[in-house]
Amino acid sequence: MAEENDLERTEPATPQRLQKASEEGQVARSQELTTFTLLMVAAGSLILLGSDVMKKLLLIMKAGMQMERELAFQPSLMMTRFTELALESLLAIAPLLLILIVTAFFAPMFLSGWMISAKALMPNFDRINPIKGIARIFSARSLVELVKAILKTIVIGGVAALVIWNNRHEIMALLVMPIDAGITETAEYLAISFILTVGAMALVVVIDVPFQMWEHAKQLRMTKDEIRREHKESEGDPFVKARIRGLQREAARRRMMSEIPKADVIVTNPTHYAVALRYKNDSMRAPKVVAKGVHLLADRIREIAKEHRITILEAPPLARALYYHAELESEIPEKLYTAVAEVLAYVFQLKRYQEYGGDAPQPFSDVAIPEGMDQPTQFSNEYN
């Protein structure tokens, strides 16, 4: 039963799935929203520019109605005149066309934003598959489109009929108006009637936009197995990642071991902890930890130190404090400056005595550290 549930697409699409769908051109689109926006802009443009456009077209129509004697006997002049009138008509309506072209370009972006996808232009033979075509005809989406078409017919047709009926007397009065005034009034009535009729489409848009978003989300739903597989692909196989982390730790450990011969002193617990310190007065602001470890790793650090004759000092509290609070390949904490300075002073005195003789340094005694520094914290790193 659990396996059957896993095969059901019940989970919302992940961000990766949404991004992939967007790259393939599969985004939520509402044709009704685009059509409504385009028609509303057209209606507003007619109200603002309709009167001037109608006057220009009227002048062009009057000019076209005039027949000169030369045009009747020379067809070539008639074609030239026709071309001029057509160009003037195009220029007269050019502002309206430009506004509609810009609107048609940007209107589809209102729902899902800007998106360019070449994959959407690739041929898809499933679209011409007759079996799938029949299935689409009787699908739930086709039923919704049918309902929308009926609703648009009822709403838009009803509003248009109501507008015409309420303005029937004004429309009849246009018949007795002078032609110039009648054309202007006709343009205004058409624009107002047009915007009222198109405004009725808002009801269809309010229904269609949420449906398109829901339908898009439904199409991109995923099964639990798909989500697990996607997570595995994006995050990587946990076994491979564990192997990589192991190799990285091993490489870091080898690099750390290669730095031990350059250390000045090894501070030990004496058996559980070992921390290697290095200090160059001319290039370092404070001593640095070049290696640290516990248990077997601590034993290995001490072995390498003995092979290279590095001084090993037993200072249990300081060794624990350095291990817990000092990062590898980083300077020691300021709170441990004094304690480490005492250790290094003893080490340098011991080296001078071994090389040049003289007074032997006093045997090293454990140094004091700030209270609580020899205890681990939740951020302490373990190098086992």
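Here goes a summary of the coordinates provided. Here the structure is a predicted model, which means the values were calculated and not measured.

1. Topic: the overall build of the protein
What the protein contains, in helices and strands, is 16 helices and 4 strands. Classification of the 384 residues of the protein by burial places 29% in the buried group. Taking contacts inside the protein between residues at least 6 apart in sequence as the whole, the part at least 24 apart equals 76%.

2. A word on the packing of aromatic side chains
In total, this model carries 5 aromatic pairs according to the counting rule given. When the ring of Y323 is compared with that of Y324, the centres are 5.5 Å apart and the planes differ by 75°; the resulting orientation is edge-to-face. Judged by its relative accessible area of 0%, Y323 is buried. The class for Y324 is buried, based on a relative accessible area of 11%.

3. A short note on helix α16 (residues 337–356)
An α-helical turn contains 3.6 residues, so any two residues separated by three or four positions project in the same direction. Over its 20 residues, α16 runs 28 Å from end to end, which matches the ideal 28 Å to within 8%, given 1.5 Å per residue. Taken residue by residue, α16 has A339, V340, V343, L344, Y346, V347 and L350 as its buried positions. Viewed end-on, α16 has its buried residues packed into an arc of 155°, placing them on one side of the element. Residues T338, R352, E355 and Y356 are exposed on α16 and point more than 90 degrees away from its buried face. As for α16, its buried residues are in contact with β1 (265–268), β2 (273–278), β4 (311–314) and α15 (316–325). Positive backbone phi, approximately 80°, marks G357, located one or two places after α16.

4. Considerations on the nonpolar core
Core analysis: the largest hydrophobic core is formed by 46 residues, its most contacted members being I266, V267, L277, L318 and L322. Looking at this core element by element, the count peaks at 7 residues for α16.

5. A short note on the sheet that holds β1
Through backbone hydrogen bonds, the strands of a sheet pair up, either in parallel or in antiparallel fashion. Strand order in this open sheet of 4 strands is β3-β2-β1-β4, and the pairing throughout is mixed. The two strands at the open ends of the sheet, each matched to only one other strand, are β3 (288–294) and β4. Taken over all neighbouring pairs, the strand axes of this sheet differ in orientation by 20° on average, direction set aside. Docked against the sheet, helix α14 (residues 296–307) engages β1, β2, β3 and β4, running at close to 130° with respect to β3. Its contacts with the sheet place α16 against β1, β2 and β4, and it is angled at close to 140° to β4.

6. Some details on the pairing of β1
Burial along β1 is two-sided: the residues V265 and V267 and I266 and T268 are all buried. Here β1 pairs with β2 via 4 bridges, running antiparallel. What sits directly across from T268, in β2, is A274. Sheet topology note: the β1/β4 ladder contains 4 bridges and is parallel. By the bridge assignment, V265 is partnered in β4 with T311.

7. Concerning the packing of helix α3 (residues 31–65) against helix α11 (residues 202–219)
Contact geometry for α3 and α11: axes closest at 8 Å, N-to-C directions at 150°. Here α3 is positioned roughly antiparallel relative to α11, judged by the angle of their axes. The handedness of the crossing between α3 and α11 comes out as left-handed. On α11, the residues touching Q31, E32, L33 and F36 of α3 are A202, V204, V205, D208 and V209. When the residues that make up the contact of α3 with α11 are grouped by side-chain class, the tally is 6 nonpolar, 1 polar and 2 charged.

How each quantity is defined
The residue numbers shown here count from 1 along each chain, following its written sequence. Selection of residues for local features in this predicted model requires a pLDDT of at least 70, selection of side-chain atom pairs for listing and counting requires 80 or more, and totals for whole chains, interfaces and linings are taken over all residues. Based on all heavy atoms of the structure, the side-chain values leave hydrogens and waters out of the count. Working definition: helices are DSSP H or I runs of at least four residues, strands are E runs of at least two. Numbering for both runs from the N terminus. Between buried and exposed lies partly exposed: a residue is buried under 20% and exposed over 50% of the maximum accessible area for its type, with that area taken using a 1.4 Å probe on protein chains only. Residue contacts follow a heavy-atom distance rule, with two residues in contact if any of their heavy atoms lie within 4.5 Å. What counts as a ring pair is set by centres within 6.5 Å for rings of Phe, Tyr and Trp (its six-membered ring), and what kind of pair is set by the plane angle: stacked under 30 degrees, edge-to-face over 60, tilted for all other angles. A helix is expected to reach a length of 1.5 Å times the quantity of its residues less one. The directions considered for the arc run from the helix axis to the C-beta atoms. Only buried Ala, Val, Leu, Ile, Met, Phe, Trp, Tyr and Cys residues count toward a nonpolar core, and they belong to the same one when joined by side-chain atoms within 4.5 Å. Two strands form a pair only when DSSP identifies at least two bridges running between them. Axis angles are defined between N-to-C directions and span 0 to 180 degrees, where every axis is a line fitted to C-alpha atoms and, for a helix, only to the segment in contact. Any angle between 65 and 115 degrees counts as roughly perpendicular, while under 35 counts as roughly parallel, over 145 as roughly antiparallel, and the rest as oblique. Each crossing is labelled by how the near helix is turned from the far one, with a counterclockwise turn of less than a right angle marking it left-handed and a clockwise turn marking it right-handed. Gly is placed with the polar residues, together with every amino acid not listed as nonpolar (Ala, Val, Leu, Ile, Met, Phe, Trp, Tyr, Cys and Pro) or charged (Asp, Glu, Lys and Arg).

In short, the description is geometric, and any link to function would need to be established separately.
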